[in-house]
Amino acid sequence: MEWEVVIGLETHTQLQTNTKIFSGAPIKYGAEPNTQACEVSIALPGVLPVLNKQAVECAIKFGLAINAEIAQRSVFARKNYFYPDLPKGYQISQFELPVVGKGAVTIQVPAQGKKPAYEKVINITRAHLEEDAGKSVHGAVEGMSGIDLNRAGTPLLEIVTEPDMRSAAEAVAYAKQLHELVQWIGICDGNMQEGSFRCDVNVSVRHKGSEKLGTRREIKNLNSFKFMQQAIEYETRWQIETLEDGGSIHQATVLFNPDTGETRAMRSKEEANDYRYFPDPDLLPLMISAEDKARVQASMPELPEAMKARFEAEYGLSSYDTGALTSSRGLADYFVATVKAGAEAKQAANWVTGNVSAKLNAEDKSISSSAVPAEALAQLLHRITDGTISNNAAKEVFEAMWIGEGNADAIIEAKGLKQMSDSGAVEAIIDEVLAANVAMVEEYKAGKEKAFNALVGQIMKASKGKANPAQVNDLLMKKLKA
Amino acid sequence: MINSSLKQLASMLQAKKISSVELTQSFLTRITQYNPSINAYIALDEGKTLAQAKAADVRIAAGNATALTGIPLAQKDIFCAQGWQTTCGSKMLANFIAPYDAHVITQFDQAGAVNLGKTNMDEFAMGSSNETSYFGGVKNPWSFDHVPGGSSGGSAAAVAARLCAAATGTDTGGSIRQPASLCGLTGLKPSYGVVSRYGMIAFASSLDQAGPMAKSAEDCALMMNVMAGFDERDSTSLQRDKEDYSRELNKPQTDQPLLGLKIGLPKEFFAEGLDASVAQVITAAIDVYKKLGAQIIDISLPNTGLSIPVYYVLAPAEASSNLSRYDGVRYGHRAAEYTDLNDMYNKSRAEGFGAEVKRRILIGTYVLSAGYYDAYYLKAQQIRRLIAQDFIEAFKQCDVIMGPAAPSTAFKAGEKVDDPVAMYLQDIYTISTNLAGLPGMSLPAGFAQAKDGPALPVGLQIIGNYFDEARMLNVAHQYQQVTDWHQQMPDLKRA
C-alpha cells in the first residue's frame, strides 16, 4: 500500500514596522535585554494597546499580493495562557475574523531525480495579525531564568495554508516562495537566524487515494529550509513506520533536533491549553475600507509574476531567464539596474543569472551584498560589446572586480587584456601562423572545414588571446580565399 | 471653608484670601484627625502633596491658574500616579509604586490640582461596600457602623467627611453612583469613552469609566472639564470636541428652569426590592422636579432584570483576562517560597487576591471556556444589546430617566459579606447604564430613617442619553438650587 504525506504550514513573519504592534516601543533586534520594553510591553497595570497602522498596511499588502479577500472588518481577540514571557497573561491575536482571508500562492517545485520541475497552487486559508511574546533566558542570572521583553509586542503576520502540500520538496518550495514574496513586498526582512520568518509544519500521512486526513503532528519553529526538509522527511518516515508497526499517531507538538535529525514530542494535545479566546475589549474592530486598499495598492511594488511577463515581452528573454531573474526582488532590481546602466538585456540576463549568481551562491551572499554593483557590471559588459575584451577575458576581469581590484577599465589595463584592434598587427600574426602551418592550409583548401577552426585557434594562441576572434575570422577567410 | 464649592475655593485662592498650601494643610489636618477612624485613604504623602500645593501657589501668583489650580483632590487608588503607591485595594499590588501617570492624573496635574492621596476601594473595584479592600473597610461618615458603598467607597467617604474638596471614582457597574448615593454626594459616570482609561487599572474594560465624585453638580462639571477628552493611548477614547460641562448650568434663570423637560420613570426601578423609605425620598424629589417645570412620563426598561446576570458573565470574563498579568513575575506580590513556575503562579495569586476577586476570576474563566463560551459569553453579549436597545426606545419618549441609585440606604458592615448575590443586587439600578455605555449620576435627595438606626442619605439617579452629561448636570444643578441636601455634612464626632 502506498502512503501519501499531507502537509500544511503556519508561518510567523515578523513585520518591518518602526515600532511594536500595540505600542510605540522600538523593535530593533539584538538590543540589551528589556531596553525596548515600554510600559505597554511590560504590561504594567492600567496600560492599553493602540494598533500600529503600519502593521495593518503590511497585512493589506500581503493580502493583495496573494489575491486574497481582505476583511472589511476584522477583530482582535485575546488568547489567554500563562507564561513568564507573556506579560499580560494573554496574547493579542485574531481568531474568528482574521484580516486576510482565502488566497493562493503558485510555487515552482524544482526537478528531483527523474521527476521534472512543476508548478503547483498552494491555497492560503488565512493570515492574521498578532503580537510576539518575549523571551525566557535560562541561566541569565545565576541559577535563575531571566525574562527579556524586548520582543514582546513585535508585530507578526501568521500565514496559514490549507493542507495542500504532498512532499517535503513542495513544503520547502512553498516556504522559499513565501520567504521571497514577503521580502519582495517589503513587509518582512526575511532574516531566519533572527527569527523574522519561522515555520510550523503540520504533517500527517494517509493511504494514497484516501480522502480522510490522518492525525497530524505539528513541527514547531523551523528556522531553516534545510531543517524543514530534514524534519518533514524524518517525521513522515516515523509516522509511516509507526502505523505499519500497528501503532497509532496522537496529535502532538514536536520539535526538530538538528543534531540528531529527529523530531520529538514536546507536549500532547490533551495537555494543551484552552485559550479562552474572546474579542479584546481594549481594541475596536479593525475596519479596512476600499480606499485603504486602493492606497496600499498604489504603493505596492510590481509583483514577481507581472515582472516576469514584462521582462519576456520587453526584452525578449526566455521564460527560464525571467523566472531566474524574478526569483528575488534583489536579483530583479540588480538586473534592471544593469540594463539601465547601458547593458544589453540578454547579455545582462546571462551574466546576472550566470556568473553573478554563481559567485553569490558560492559565497552564500545575497545580491544586496554583491561585491560588483550593477553599474560596474554594466561597464564590464560594455567592454565586451565594444570589442575591447573578449568574453573569456571578461570573466577574468569580473573575478578581479569581485575581489576588489578596481573597475573594469583599470583591470583590463593592468592585466593587459585589451583585444588587438590594429588589423595590421593581426595580419602579421596570421601570416606567421599560415607560414608555419602549410599542411593545414592545404587540408582546408582540399575541403576540410575543421582545419579553419584549428587555424583560428593557433592565431588566437599566438596573439595571447588578445586578438578579436571575429576579426581573426574575417581576415583569415580573406587570406585563404586570396 | 471645608464645605465650600470648588468655584468658591478657586476664587478664594485667586483673590489670595488663602494659599493652596494653607488650604491643603487644612485638609491634611482633617485627614490626620479623621482618617484613622474612617480609613478613606490608602496612601498619603505629605511631601508630594505640599510640593504640588506650593507649585500651585506659584502658578496662581503668576496669574495663569485654571479653575482647579491649588484645589486639593483625592484620587481613587485605581489610577496609576508616578511615584505613588498604587494598589487597587489589593495585596497583589500593595508594594507597587506606579512608574507612570494615568491620563486622568496627568490632566489634573496639568490643571494644577493638588493630589491629597489615594483613596481606599474594593479590591480591583470588585464590590459594593468597600469591604473587599485588602486595606480594610471604610466607614460611612454618616454612621460608622455602616458601609460607604463601593467600589469607590474611599473617595465617597473622603468627600462626605470633607477630607478633600472633591475626588475621582470609577464606575463599572455602579461604583461611583452607589457610594455617592450611600454617602450623600453627587457623582457622575460619563458615557463610555469620554474619559480615557489609560493608566486606570482595568477591571472590565468594556464597562469601566472614570468620573467625578463631589459635593454638587457644579463641582462635578468643573471636574469633568479636566477629566474628559480624547486620548490617543486609549483606543476606546472618543474623538470628540472638548466641551464645557458647566455651559448649561443656570440657564434659563426662571421659576421653572426645567420647563418642558421630559423625565422618564422606569416602572422596573420602582418594583419589588426597593426600600419603601428610599422610594418615598425619590418620589419627593420627583415632586420637586415637577415644580421646576418637568413633565413626568412612565416608561419601561423591560430587560432591567437581566442586567445583573448579564453583568456577572461579562464583567468577570473580562476581569479574568485583565487580571492575568498579576502573575508575580514582573511586579506585585510573589510568594516567598515555591517549587517551580506553576507553584509560583499558584501561590502568588492565591495569596495576592482576595475571595471576591478569586470568585470573579473563576466565574470569568468558566464562562470563556471551550464549550461554555456560546451559552454564557455570547448570549450575554446579545442580551447586552437588548438592554441598550431598551434605553434607545426610552429616550424616544423622554430626555432623562430618573429613579433610585441604590435599592436601600447604606447597610451595616458585615451584613452582606457572606451573601454575594445580595451584594450584587446593590447595583440593580446602575448596572444597565454601564452595559449600554450611557452616562448616569447620583445626587443627594434626602435621608431615610433606618428602623433602629440613624437617618442615612438617599441618592436620586439620573440617566441621560449618550454624551448628554452637560444637560444632566444642569438637571441636577437646578434641583440643588432649590434643595440643600447636597450641602449637609455628617457630624463626624457623633458618627
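Computed from a prediction, not measured in an experiment: that's the story for all the values here. (Residues numbered from 1 in each chain as written. Chains lettered and ligands numbered in written order. Predicted model: local features only at pLDDT ≥ 70, side-chain atom pairs only at ≥ 80, totals over all residues.)

Structural notes on the overall build of chain B
Now for step 1: Along chain B, the regular secondary structure elements total 15 helices and eleven strands.
Now for step 2: The C-alpha radius of gyration of chain B comes to 21 Å, within 12% of the 23 Å expected for a compact globule of 495 residues.
Now for step 3: If you line up chain B on its principal axes, its C-alpha atoms span 70 × 55 × 50 Å.
Now for step 4: Taken over 495 residues, chain B has a buried fraction of 60%.
Now for step 5: Of the contacts made within chain B by residues no fewer than 6 positions apart, 76% connect residues no fewer than 24 positions apart. (Helix = DSSP H or I, 4+ residues; strand = E, 2+ residues; numbered from the N terminus. Rg over C-alpha atoms; globule rule 2.2 N^0.38 Å. Buried ≥ 20, exposed ≤ 12 C-beta atoms within 10 Å, placed from the backbone. Contact = placed C-beta atoms within 7 Å.)

Considerations on the overall build of chain A
Now for step 1: Looking only at helices and strands, chain A has 16 helices and 15 strands in total.
Now for step 2: By its C-alpha atoms, chain A is 95 × 55 × 55 Å across when sized along the principal axes.
Now for step 3: Among the 482 residues that make up chain A, the fraction classed as buried is 39%.
Now for step 4: Looking at chain A alone, contacts between residues at least 24 apart form 68% of all its contacts between residues at least 6 apart.

Describing the pairing of strand E8 (residues 295–299) of chain B
Residue and element names in this part refer to chain B.
Now for step 1: Sheet topology note: the strand E7 (residues 262–266)/E8 ladder contains five bridges and is parallel. Note on E8: the bridge partner recorded for Pro266 is Ile299.
Now for step 2: Remark: the E7/helix H8 (residues 276–291)/E8 crossover connection has right-handed handedness. (Pairing = 2+ DSSP bridges. Right-handed = clockwise from strand over helix to strand, strands pointing away.)

Comments concerning the interface of chain A and chain B
Now for step 1: Between chain A and chain B, the residue contacts involve 26 residues of the former and 33 residues of the latter.
Now for step 2: In the side of chain A that touches chain B, the residues fall into 17 nonpolar, three polar and six charged. (Nonpolar A, V, L, I, M, F, W, Y, C, P; charged D, E, K, R; others polar.)

So, the sheet that holds strand E4 (residues 166–171) of chain B
All names here are of chain B.
Now for step 1: As summarised here, the arrangement of the eleven strands in space is E1-E3-E2-E4-E6-E5-E10-E11-E9-E7-E8, forming an open sheet in which the pairing is mixed. One side of each edge strand has no neighbouring strand; the edge strands of this open sheet are strand E1 (41–44) and E8. The sheet shows a mean angle of 30 degrees between the axes of neighbouring strands, taken without regard to direction.
Now for step 2: Pairing between strand E5 (residues 186–189) and strand E6 (residues 209–214): two bridges, direction antiparallel. Bridge pairing links Gly187 to Met213 in E6.
Now for step 3: Against the sheet, helix H5 (residues 153–160) engages E1, strand E2 (72–76), strand E3 (114–119), E4 and E6, with an angle of about 155 degrees to E4. (Axes fitted to C-alpha atoms, helices over the stretch in contact; angles between N-to-C directions.)

Here we look at the nonpolar core
Now for step 1: Counting 229 residues, the largest nonpolar core has Ala59, Phe62, Ala171 and Val201 of chain A together with Leu73 and Cys164 of chain B as its most contacted members.
Now for step 2: The greatest single-element share of this core, amounting to ten residues, is contributed by helix H3 (residues 168–184) of chain A.
Now for step 3: Every residue in contact with Ala171 of chain A, bar those within four places of it in the chain, is listed here: Ile7, Leu9, Met165, Val201, Met228 and Ile232 of chain A. (Core = buried A, V, L, I, M, F, W, Y, C linked by C-beta atoms within 7 Å.)

As for the domain arrangement of chain A
Frequently, the measure chosen for interface size is the accessible area that the parts lose on association.
Now for step 1: When its domains are assigned, chain A resolves into domain 1 (3–292), domain 2 (302–415) and domain 3 (423–481).
Now for step 2: Computed from C-alpha coordinates alone, the two centres of domain 1 of chain A and domain 3 of chain A are separated by 66 Å. (Domains from an automatic or database assignment.)

Focus: the environment of Arg330 of chain B
Now for step 1: By secondary structure assignment, the location of Arg330 of chain B is in the loop between helix H9 (307–322) and helix H10 (341–352).
Now for step 2: Remark: the alpha-carbon pair of Arg330 of chain B and Asp208 of chain B, spanning 122 residues in sequence, is separated by 25 Å.
Now for step 3: If we skip the residues at most four places from it in the chain, Arg330 of chain B touches Ile42 and Pro87 of chain A.

Digging into the sheet that holds strand E4 (residues 90–94) of chain A
All names here are of chain A.
Now for step 1: The antiparallel open sheet is built from three strands, whose spatial order is E4-E3-E14. In this open sheet, the two edge strands, each paired with only one partner strand, are E4 and strand E14 (278–279).
Now for step 2: Sheet topology places strand E3 (residues 76–80) next to E4; five bridges connect them, and they run antiparallel. If you follow Phe76 over to E4, its bridge partner there is Gln94.

Focus: the environment of Ala290 of chain A
Now for step 1: By secondary structure assignment, the location of Ala290 of chain A is in helix H5 (residues 290–298).
Now for step 2: Each C-alpha atom of the pair Ala290 of chain A and Gly24 of chain A lies 27 Å from the other, and the pair is 266 residues apart in sequence.

Examining the packing of helix H8 (residues 329–340) of chain A against helix H9 (residues 345–363) of chain A
Residues and elements named next belong to chain A.
Now for step 1: Viewed as axis vectors pointing N to C, H8 and H9 meet at an angle of 140 degrees, and their least axial separation amounts to 9 Å. When the interaxial angle is binned, H8 and H9 end up oblique. Of the two elements, H8 crosses H9, and the hand of that crossing is right-handed. Between H8, through Leu331, Tyr334, Phe335, Thr338 and Val339, and H9, the contact on the second element is made entirely by Ala345, Ala348, Ala349 and Val352.
Now for step 2: Of the residues contributing to the contact of H8 with H9, the split by class is eight nonpolar, one polar and no charged. (Parallel < 35°, antiparallel > 145°, perpendicular 65-115°, else oblique. Left-handed = near helix turned anticlockwise from the far one by under 90°.)

Some words on the packing of helix H14 (residues 438–445) of chain A against helix H15 (residues 450–462) of chain A
All names here are of chain A.
Now for step 1: Direction vectors running N to C along H14 and H15 enclose 145 degrees, while the axes themselves pass 8 Å from each other. As H14 runs across H15, the sense of the crossing is left-handed. Here Met440, Glu443 and Tyr444 of H14 lie close against H15, whose contacting residues are Ala451, Phe452, Ala454 and Leu455.

Concerning unusual backbone geometry
Now for step 1: Going from Gly150 of chain B to Ser151 of chain B, the amide bond is cis rather than trans, its omega being 10 degrees.
Now for step 2: Examined against the element boundaries, Ser151 of chain B turns out to sit in the loop between E3 and H5.
Now for step 3: Positive phi outside glycine occurs at Arg276 of chain A, with the angle close to 45 degrees.
Now for step 4: By secondary structure assignment, the location of Arg276 of chain A is in the loop between strand E13 (262–268) and E14.
Now for step 5: The phi angle at Ala125 of chain B is positive, at roughly 65 degrees, despite the residue not being glycine.

Focus on the environment of Leu455 of chain A
Residue and element names in this part refer to chain A.
Now for step 1: Counting through the fold element by element, Leu455 comes out in helix H15.
Now for step 2: Judged by C-beta crowding, with 22 C-beta atoms within 10 Å, Leu455 ranks as buried.
Now for step 3: In the structure, Leu455 is positioned 106 residues away from Ala349 in sequence and 32 Å away in space, judged by C-alpha atoms.

As for the pairing of E7 of chain B
Now for step 1: Taken together, the two bridges between E7 of chain B and strand E9 (residues 400–404) of chain B define a ladder with parallel strand orientation. Looking at the pairing, Ile263 of chain B lines up with Val400 of chain B of E9 of chain B.

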